[in-house]
Structure formats: C-alpha cells, structure tokens
Amino acid sequence: MWAIGFIISLVIGLVVGRFMIPILHNLKFGQSIREEGPKSHQKKQGTPTMGGILFMITVVVTLLVTGQFYSITWFVVGSAFLFGGIGLLDDAIKIVMHHNEGLTPWQKIGLQLLAAVIIIFWASRLDMNISDFWVPLFNIVLPLGILYWPIMVFIILGTTNSANLTDGLDGLLTTVSIIIFLAFFAVVKLYNEPHSLVVIAVMLGACLAFLYYNRNPARVFMGDTGSFFIGGMVVALSMVTKTELLLPLICFTYMIESCSDIIQVLVYKKTKRRVFRMAPLHHHFELGGRTENQVVLLFSIITLVTSALGVLLFWTALL
C-alpha cells in the first residue's frame with residue numbers, strides 16, 4: 001500500500017503544483033526578501049510563496065483516496081496540520097502586509113506552545129506511552145512521568161523552528177527533509193508500524209513533487225506553511241516510534257542551522273562580532289563563494305550520514 005500511496009501522492013503533487021503556482025502568481029502571493037539577506041537573493045523578490053499548501057492538499061487527498069482511516073495516521077498528519085496552519089497564518093499576514101514580518105515572535109511562540117500541548121495530549125489519548133524516553137546508545141528507558149511534557153514541548157518547538165530556519169535556499173529544506181523522511185521510513189519499517197509507513201511514503205511523494213518546482217531556480221517557495229508542516233510531521237513520527245532523542249542525529253542539519261543562528265545572535269550581542277559570515281549556516285557557505293546547489297549538496301550529504309547513523313542506532317537496539 002505504501003508504494004501505491006507514494007505514486008498517487010507524486011502524481012497529485014505534480015498536478016497540484018502545475019495549477020497552484022499560476023494561481024499564487026495571479027493572487028500576487030509573492031515572497032518579500034529580507035534586505036539584510038544575501039544580495040543574490042534580491043532577484044527572488046516576488047517568487048510565489050505559501051507553496052506548502054501543496055503538501056496539505058496532496059497528503060490529505062492521497063490518504064483519502066487510499067482509505068487510510070487510522071488513528072496513528074491522522075495523529076501524524078494532524079500534527080503536521082497544526083504547525084502548518086500556524087505557518088499558513090504567518091505567510092498570509094506577510095503577504096497582506098507586503099513585508100517579511102508576519103506573526104510577532106510572542107504570537108508565534110504562543111500558538112506553537114498550544115499546538116505542542118495539543119499534540120502531546122493527543123498522543124496520550126492514543127496510549128503512546130508519553131511518560132518516558134528511549135535513550136539511544138545506552139538503550140535504556142528513562143521514566144520521566146509528568147516531566148515528559150515540558151521536555152517534549154521543547155523538542156517539538158526546537159524541531160519545527162529549526163526546520164523553518166533551514167528553509168533558506170532553493171530546494172534545501174525539501175531535499176534534506178526527503179532524506180530525513182527516508183530515515184524515518186527505515187525506522188518505521190523496523191518498528192513495524194504500517195500505518196505510519198504509508199504516511200511517510202505519501203509525504204515523500206509530495207516532497208519530490210514539490211522539489212520539481214522548488215529546485216534552483218525555484219518557481220515557488222514553501223513558506224512557513226511548508227516548513228512548519230514538515231517539522232510537525234517529523235516530531236509526530238518521532239513520538240510514534242519513541243525516537244524523540246534521536247532527532248538531533250536524524251535531523252542534524254536542522255539542528256546545526258538553528259544552533260548557528262543562536263550562536264550568531266548571542267555572540268554578536270556580547271562582543272559585536274560575528275562568528276559566521278551570515279546565519280543560518282547555509283548563508284555562511286553561500287557568502288563564502290559556494291553556489292546554492294553546492295550548499296544543498298553539502299547539507300544533503302551531511303544529513304544522509306547522520307540520519308543513517310540514527311537508523312543504525314535504532315536497528316542495533318532491536319538486536
């Protein structure tokens with residue numbers, strides 16, 4: 001069933017993109033480029049954004065067509081929609097106001113906190129054992145009880161916002177996330193959770209379809225709609241498979257992008273000096289003379305290595 005879901009999703013995604021991009025153009029849903037960003041990005045001004053809608057339409061239609069009416073399936077998809085909805089609202093405000101500032105930081109954090117709590121509560125209603133973490137490498141279960149909630153909220157917000165920061169070059173987040181979803185495909189296969197397997201296959205089809213339009217030079221950007229949708233699905237899959245603490249390894253690229261941004265801000269506030277040419281990290285390499293395609297390739301290789309290590313850790317724990 002997962003192979004059928006993948007093919008249907010890929011076809012639907014390509015068709016949706018074919019009609020969606022002209023509509024976004026006509027509605028003038030163009031991206032506002034930050035003036036402080038790389039100068040080479042100014043030519044991208046006006047490229048349609050909010051393309052993450054493609055994920056939403058493709059995933060839901062494919063799951064309905066294939067008859068995937070399972071609680072775990074809709075938990076994973078629902079988590080993606082909760083965060084994708086926040087991104088959609090953020091993108092809509094940016095477009096209406098014609099600038100690159102959407103929701104205020106406090107509004108965004110508040111909505112994300114609410115979404116995270118809903119996701120954890122939803123997981124508890126599905127008896128997904130939300131009182132402990134599996135600790136990779138040591139292969140032990142760490143019982144935390146109620147402490148699971150604040151730690152998981154931190155993990156959810158960290159992962160989704162890190163995915164959002166990674167979305168800064170044509171095809172970067174899409175390509176890296178395809179590798180991450182492939183890693184989760186392997187994990188879920190080992191975990192023997194068939195319903196999540198179909199969801200991942202469907203998301204892979206949607207991502208490949210979107211990459212067709214998002215590769216350099218991008219004809220559409222996913223916007224916060226897409227990056228938060230991806231982040232929400234990734235954290236939900238980690239909860240289903242009890243691999244929450246493997247996320248820093250499987251999603252290593254997300255993490256280094258986020259950490260580079262934090263380091264840059266903290267050091268600059270303290271010393272007025274920059275650690276990187278520009279943050280997040282992909283801009284550092286870009287300003288160092290590498291093309292966008294070269295940076296995407298570099299980050300994809302890094303993701304492939306670290307996510308493979310994550311899958312290997314999971315596999316050895318099952319032996």
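Before reading further, recall that the structure is shown in the block above.
Remember, predicted model here, so these are calculated numbers, not experimental data.

Conventions we followed
- Residues numbered from 1 in each chain as written.
- Predicted model: local features only at pLDDT ≥ 70, side-chain atom pairs only at ≥ 80, totals over all residues.
- Heavy atoms only, no water.
- Helix = DSSP H or I, 4+ residues; strand = E, 2+ residues; numbered from the N terminus.
- Rg over C-alpha atoms; globule rule 2.2 N^0.38 Å.
- Buried < 20%, exposed > 50% of the residue type's maximum accessible area, 1.4 Å probe, protein only.
- Contact = heavy atoms within 4.5 Å.
- Areas by Shrake-Rupley, 256 points an atom, 1.4 Å probe, with all protein chains shown as cover.
- Lys, Arg positive; Asp, Glu negative; His and termini not counted.
- Charge placed at Lys NZ, Arg CZ, Asp CG, Glu CD.
- Pairing = 2+ DSSP bridges.
- Phe/Tyr/Trp six-rings, centres within 6.5 Å; stacked < 30°, edge-to-face > 60°.
- Lys NZ or Arg CZ within 6 Å of the ring centre and 35° of its normal.
- Polar contact = N/O pair within 3.5 Å; in protein donor to acceptor, adjacent residues only side chain to side chain.

A.B. asks: How would you explain the overall build of the chain if you had to name every residue and give the values?
C.D. replies: When helices and strands are tallied, the chain shows 12 helices and two strands. Of the regular secondary structure in the chain, the N- to C-terminal order runs α-α-α-α-β-β-α-α-α-α-α-α-α-α. Over its C-alpha trace the chain gives a radius of gyration of 19 Å, about what one expects of a compact globule, namely 20 Å for 319 residues. Going through the 319 residues of the chain one by one, you find that 52% of them count as buried. Long-range pairs, those at least 24 residues apart, make up 75% of the contacts in the chain with a sequence separation of at least 6. Entry remark: accessible area of the chain is about 14500 Å², with carbon and sulfur atoms responsible for 69%. Between the averaged position of the 20 positive side-chain charges in the chain and that of its 16 negative side-chain charges there is a distance of 7 Å.

A.B. asks: I'd like a rundown of the pairing of strand β2 (residues 140-143), residues and numbers included.
C.D. replies: Bridge count between strand β1 (residues 132-135) and β2: four bridges; the pairing is antiparallel. The residue of β2 that forms the bridge with V135 is I140. Between β1 and β2, which pair antiparallel one after the other, the connecting turn spans four residues, and L137 there sits at a positive phi close to 75°.

A.B. asks: Can you lay out the side chain of T243 for me, pointing to particular residues and giving the numbers?
C.D. replies: Tracing the backbone shows T243 in the loop between α8 (223-240) and α9 (247-250). Residue T243 is classed as buried on the basis of its relative accessible area of 1%. Residues within four places of T243 in sequence aside, it is in contact with W134, F184, V187, L237, S238 and F314.

A.B. asks: Account for the environment of E244, naming residues and giving values.
C.D. replies: Mapped onto the elements, E244 comes out in the loop between α8 and α9. Each C-alpha atom, one on E244 and one on F121, is 16 Å from the other, the two residues being 123 residues apart in sequence. The residues contacting E244, other than those within four sequence positions of it, are F133, Y148, M152, I155, S238 and M239.

A.B. asks: Can you explain the packing of aromatic side chains? Please cite residues and give values.
C.D. replies: Following the criterion strictly, the structure yields 10 aromatic pairs and no others. Their ring planes at 50° and their centres at 5.2 Å tell us that F55 and F210 sit as a pair that is tilted. A residue pair is termed long-range when its members are at least 10 positions apart, and F55 in helix α2 (residues 53-65) and F210 in helix α7 (residues 194-214) qualify at 155 residues. By the burial criterion, F55 is buried, and F210 matches it. Relative to F229, the ring of F81 lies with its centre 5.4 Å away and its plane at 75°, an arrangement referred to as edge-to-face. Taken together, the residues span a long stretch of sequence, with F81 in helix α3 (residues 71-97) and F229 in helix α8 at a distance of 148 residues. Of the residues examined, F81 reaches a relative accessible area of 29% and is grouped as partly exposed. A residue is classified by how much of its surface remains accessible, and F229, at 0% relative accessible area, is buried. In this structure, R215 packs its charged tip against the face of Y212, placed 4.7 Å from the ring centre.

A.B. asks: I'd love a proper account of unusual backbone geometry, names of residues and values included.
C.D. replies: Comment: phi is negative for the bulk of residues other than glycine, and the bulk of peptide bonds are trans. Here the bond from N216 into P217 is cis, since omega is -5°, no more than 30 degrees from zero. With omega at 0°, the peptide bond leading from A279 into P280 counts as cis. Mapping P280 onto the fold places it in the loop between α10 (252-271) and α11 (281-287). Phi angles above zero are rare outside glycine, and D127 is one such case at about 55°. Residue placement: D127 occurs in the loop between α4 (105-125) and β1. Note on D127: relative accessible area 72%, which makes it exposed. Backbone geometry at N129 places phi at a positive 55°, although glycine is not the residue there. On the secondary structure map, N129 appears in the loop between α4 and β1.

A.B. asks: Residue-level account of the side chain of E286, with values.
C.D. replies: Tracing the sequence through the fold places E286 in helix α11. According to the relative accessible area criterion, E286 is buried, its value standing at 10%. Looking at E286, its side chain comes within polar contact range of the side chain of H283, at 3.2 Å.

Functional significance is not addressed by these values, which are geometric in nature.
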